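Given next are the chains, with one letter for each unit.
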Amino acid sequence: MVALSGWGLYPTVDCKLVEPESERDVARALDVNGTIARGLGRSYGDPAINERRTVLGMTKLDRVLGFDDATGVLRCEAGVSLSQVIERFAGRGWFPMITPGTRWVTIGGCIANDVHGKAHHAQGSFLESVLSMRVLLASGDVVTASRTENADLFFASFGGMGLLGVIVEATIRLRKVSTTFFKQRVFVGNDLESLMQHIEEQDAAFPYSVASINPLETGARLGKGVLSAGDHASLEDLPEKFAREPLRGNGRAFFDMPFLFPNFTLNRATLSLVHVFGQQFMTRGAAITHADNFFYPLDVLVGDWNRGYGKRGFTQYQFVIPKEDGARNLRAILETIVSARQLPSLNVLKKLGKENAAPLSFPREGWTLAIDFPVIDGLAELLSRLDAMVADMGGRIYLGKDAFLDAATFARMYSRLPQWRVAKQKYDPHGVFTSNLSRRVGLT
Ligand SMILES: Cc1cc2nc3c(=O)[nH]c(=O)nc-3n(C[C@H](O)[C@H](O)[C@H](O)COP(=O)(O)OP(=O)(O)OC[C@H]3O[C@@H](n4cnc5c(N)ncnc54)[C@H](O)[C@@H]3O)c2cc1C
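Caption draft 1: Quick peek at helix H14 (residues 417-427). All of the buried residues along H14 are Leu417, Trp420, Ala423, Lys424 and Tyr427. One side of H14 holds all its buried residues, which, seen down the axis, span an arc of 115 degrees. Among the exposed residues of H14, those pointing more than 90 degrees away from its buried face are Pro418, Val422, Gln425 and Lys426. Next to the buried residues of H14 lie helix H5 (151-157) and helix H13 (407-413).

This is the structure in structure tokens:
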């Protein structure tokens, strides 16, 4: 048994970890008493842990099986990470089509969470970039799933949290870029409404946008924040110093977090400093910057930054609520957070585009806020109150970040759950695939 957690280090449980190196190994390691696949463990909560049951660590299935330089179509094993994709193909002018805020994620993990990036309003979620996948089912059979073949399995796998089978291989499309640089503009909103207005305006002008607020502000300044919006830079956009190497590879983390921070380090005073520093940092963002700095700011600054929250761990609370009444509802949620005297830290505010055909995919049209909280006394009660508010507003919680949601509220939030259950019953009738998350929210 080994102790495993998600990126939030909460919860941590003992699991039987097996690390297959081939499709055949995966089939051999299937455990009828409960199996779940795990990628790079970047989900925050408990989808990739399985207490006293089997976890299949998939990162050794990391072979590239084919690439077409003319179309950008990549066939690879599911344990390949976006970081490997960038290292191998960015120099040839290809970048992931859709990417979350870290490159340390596997293709299998990106499918299972149907991850979204900073351009969801313009480009949709990871589903848009996947042509097909091969899935090893509980029966041991490997089947192909695409929009035309086993389409029910294909769509149910996006947001399906690894509960239908093990994705062993995927064929995805990459995006053609002429540089690995990014051009951005920064806008300051002095309160929530003006920040939201900036986002609405800039989303019409730029494919990528991301804002951050200071969640400790109250009253008239509640929701004060900074928006960064932009697009991939073309060769003509680059100053000479970058133009010499326009497809330059990655920016590595400046330093690694060497140890778990003691729990007393984080309090409202230190947090205020973090927010002020963070917003200054965003406001001064260069007009042309390496794509890593825009897409993966946390990867670039500090490796293993999750250890900064200490042993107790943390969670990222991410919800989306419909755009109707968005400002009023967001304000109500922020006021509830502020009055709870918890320690809200890193956060992202974005507008999401339309929902797709995957029944458990998180994104839907509206406003999404993701906000980190260390796990301290009173947090579970606050999140339960917020969950009820989000459900009443017609919104939902992102399972890729969650560690607290209960089964009844989850079912209220995901109205297409019955459709997903039909696929689960068809492809995994005996419930071989299960995880801590699936048991908590009643997916298995
Ligand atoms: C700094 C940071 C920023 C982030 N930003 C975003 C963001 O902007 N947008 C966003 O959507 N998410 C974001 N995330 C969350 C992250 O993108 C997702 O949780 C992603 O799924 C993690 O991939 P992983 O390989 O680490 O998968 P894991 O976390 O290991 O697993 C996630 C799920 O995938 C399943 N899975 C993994 N591999 C397979 C496989 N081969 N077959 C079947 N199922 C599998 C697991 O069972 C589990 O249910 C962020 C996370 C971090 C740490």
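Caption draft 2: Examining the pairing of strand S18 (residues 347-352) more closely. Among the 6 residues of S18, 5 are classified as buried, and the element is accordingly described as predominantly covered. Relative to strand S19 (residues 366-374), S18 is paired through 6 bridges, and the arrangement is antiparallel. Opposite Asn347, over in S19, you have Ile371 as the bridge partner.

Caption draft 3: Structural view of the side chain of Asn356. Relative to the elements of secondary structure, Asn356 occurs in the loop between S18 and S19. In this structure Asn356 comes out as buried when scored by relative accessible area, which is 15%. A polar atom in the side chain of Asn356 sits 3.1 Å from the side chain of Ser125. Every residue in contact with Asn356, bar those within four places of it in the chain, is listed here: Asp114, Ser125, Leu127, Ser361 and Arg416.

Caption draft 4: How the structure looks around the sheet that holds strand S3 (residues 35-38). Strand order in the open sheet made by the 4 strands is S1-S2-S4-S3, with mixed pairing throughout. Two strands close off the open sheet at either side, each with one partner strand: strand S1 (2-4) and S3. Averaged over all neighbouring strand pairs, the angle between strand axes comes to 50 degrees, with direction disregarded. In terms of strand pairing, strand S2 (residues 13-18) meets strand S4 (residues 54-57) through 3 bridges, oriented parallel.

Caption draft 5: Seen up close, the pattern of salt bridges. Applying the stated criterion to the full structure yields 22 salt bridges. Notably, a salt bridge pairs Arg75 with Glu169, separated by 2.8 Å at the nearest N-O pair. Of the two residues, Arg75 sits in strand S6 (residues 73-77) while Glu169 sits in strand S10 (residues 166-176), which places them 94 residues apart along the sequence. Look at Arg75 and you get partly exposed, because its relative accessible area is 35%. Two residues, Arg221 and Glu217, come together in a salt bridge whose shortest N-O distance is 3.2 Å. Here Glu217 falls in the buried class, since its relative accessible area comes to 16%. Through salt bridges that share partners, Glu23, Arg75, Arg134 and Glu169 make up one connected network.

Caption draft 6: Summary view of helix H11 (residues 326-339). Helix length check: H11, at 14 residues, gives a terminal C-alpha distance of 20 Å against a target of 20 Å (1.5 Å per residue), a fit within 8%. Those residues of H11 lying buried are Gly326, Asn329, Leu330, Ile333, Leu334, Thr336, Ile337 and Val338. Arg341, located one to two residues past H11, shows a positive phi value of around 55 degrees.

Caption draft 7: How the structure looks around the packing of helix H6 (residues 192-205) against H11. Between H6 and H11, the shortest axis-to-axis distance is 10 Å and the interhelical angle comes to 130 degrees. As judged from the angle between their axes, H6 and H11 are oblique. The way H6 lies across H11 gives a crossing that is right-handed. Along its contact with H6, which presents Leu192, Glu193 and Met196, the element H11 presents Gly326, Ala327, Leu330, Arg331 and Leu334. By residue class, the composition of the contact of H6 with H11 is 5 nonpolar, 1 polar and 2 charged.

Thresholds, definitions, all that
- Residues numbered from 1 in each chain as written.
- Predicted model: local features only at pLDDT ≥ 70, side-chain atom pairs only at ≥ 80, totals over all residues.
- Heavy atoms only, no water.
- Buried < 20%, exposed > 50% of the residue type's maximum accessible area, 1.4 Å probe, protein only.
- Helix = DSSP H or I, 4+ residues; strand = E, 2+ residues; numbered from the N terminus.
- Arc of directions from axis to C-beta.
- Contact = heavy atoms within 4.5 Å.
- Pairing = 2+ DSSP bridges.
- Polar contact = N/O pair within 3.5 Å; in protein donor to acceptor, adjacent residues only side chain to side chain.
- Axes fitted to C-alpha atoms, helices over the stretch in contact; angles between N-to-C directions.
- Salt bridge = Lys/Arg side-chain N within 4 Å of Asp/Glu carboxyl O.
- Expected span 1.5 Å × (residues − 1).
- Parallel < 35°, antiparallel > 145°, perpendicular 65-115°, else oblique.
- Left-handed = near helix turned anticlockwise from the far one by under 90°.
- Nonpolar A, V, L, I, M, F, W, Y, C, P; charged D, E, K, R; others polar.

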